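# Structure at a glance
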Amino acid sequence: MKQETKGAPMSDMTDEDIVRAVRGMAAMQAEREKLAERVSALRTAVSPEALAERNRFGEAMAKMDAKLLLESVEVLDRMGMTLAAQVCFSLAKEEGLAAAACPTI
């Protein structure tokens, strides 16, 4: 018995589409890691300038986390990995980001 899914079938994405999506996610993750390193380096900051810098990097890291989560929902859904997309969507919903997440889930 064939099971229906809400996401797009895996065959809708070409190998090139999958590679492009994975490379995009990897680039975003690398950018997030650089932000995390900067926040970590400033964890003992005490001067107002250093605290402000840590806050700026922390906010940028939080925005990148949200972007990665929403992109994961979309990419996983497009790849036909519906359960994984639903898990990410659930987390996005808990974080208050679900309105911007993939509507097909």
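Only a predicted model underlies this, so the values are computations on that prediction, with no experimental measurement involved. Within every chain, residues take consecutive numbers counted from 1 along the sequence as written. Only residues with pLDDT of 70 or above have their local features reported here, since the model is predicted, and side-chain atom pairs are shown and tallied only from 80 upward, although totals for entire chains, interfaces and linings are computed over all residues. In computing side-chain properties, one takes all heavy atoms of the structure into account and sets aside hydrogens as well as water.

So, on to the confidence of the model for the protein chain. pLDDT expresses how confident the predictor is about each individual residue, on a scale running from 0 to 100. Averaged over every residue, the pLDDT of the protein chain is 86; residues scoring 70 or more account for 84%. Here a helix means four or more residues in a row that DSSP labels H or I, a strand means two or more in a row labelled E, and each is numbered from the N terminus. Least confident of the elements in the protein chain is helix H3 (residues 82–94), whose mean pLDDT is 92; most confident is helix H1 (residues 15–41), at 95.

Our focus in this paragraph is the pattern of salt bridges. Take a side-chain nitrogen of Lys or Arg and a carboxyl oxygen of Asp or Glu: if they are within 4 Å of each other, that pair is a salt bridge. Following the criterion strictly, the structure yields four salt bridges and no others. Residue Glu 33 is joined to Arg 32 by a salt bridge in which the shortest nitrogen-to-oxygen separation is 3.9 Å. Note on Glu 33: relative accessible area 36%, which makes it partly exposed. The class of Arg 32 is buried, set by a relative accessible area of 18%. Glu 53 is the salt-bridge partner of Arg 38, the closest N and O atoms lying 2.6 Å from each other. Between buried and exposed lies partly exposed: a residue is buried under 20% and exposed over 50% of the maximum accessible area for its type, with that area taken using a 1.4 Å probe on protein chains only.

In this description, a line fitted to the C-alpha atoms serves as the axis of each element, helices being fitted only across the stretch in contact, and the angle between N-to-C directions of two axes falls anywhere from 0 to 180 degrees. Orientation of helix H2 (residues 48–78) relative to H3, taken along the N-to-C sense of each, is 155°, at an axis distance of 8 Å. It follows from the interaxial angle that H2 and H3 lie roughly antiparallel. The hand of the H2/H3 crossing is left-handed. Residues Leu 69, Leu 70, Ser 72, Val 73, Leu 76 and Asp 77 of H2 lie in contact with H3, whose contacting residues are Thr 82, Ala 84, Ala 85, Cys 88, Phe 89, Leu 91 and Ala 92. The labels follow the angle: roughly parallel below 35 degrees, roughly antiparallel above 145, roughly perpendicular from 65 to 115, and oblique for the rest. Crossings are assigned a handedness: left-handed for a near helix turned anticlockwise from the far helix by less than a right angle, right-handed for a clockwise turn. Note on contacts: a residue pair qualifies if any of its non-hydrogen atoms lie within 4.5 Å across the two residues.

All right, on to the nonpolar core then. The nonpolar side chains of a soluble globular protein tend to be buried, and buried together. As used in this record, nonpolar core signifies buried Ala, Val, Leu, Ile, Met, Phe, Trp, Tyr and Cys residues forming a set joined through side-chain atoms within 4.5 Å. Counting eight residues, the largest nonpolar core is built from Leu 69, Val 73, Leu 76, Ala 85, Cys 88, Phe 89, Ala 92 and Ala 98. Listing elements by their share of this core, those giving two or more residues are H2 and H3. With four residues, the single largest contributor to this core is H3. In terms of nonpolar packing, the next biggest core, distinct from the first, is built from seven residues, Met 25, Met 61, Met 64 and Leu 68 among them.

Our next topic: H3. Between the first and last residue of a helix there are one fewer steps than residues, each counted as 1.5 Å, and that sum is the expected span. Taking 1.5 Å of rise per residue, 13 residues should cover 18 Å, and H3 covers 18 Å from first to last C-alpha, within 8% of that figure. Within H3 the residues assigned to the buried category are Thr 82, Ala 85, Cys 88, Phe 89 and Ala 92. Along H3, the residues classed as buried sweep out an arc of 125° about the axis, all on the same side. Among the exposed residues of H3, those oriented more than 90 degrees off its buried face are Leu 83, Val 87 and Glu 94. Taken together, the buried residues of H3 touch H2. In this context, the arc is that of the directions from the helix axis out to the C-beta atoms.

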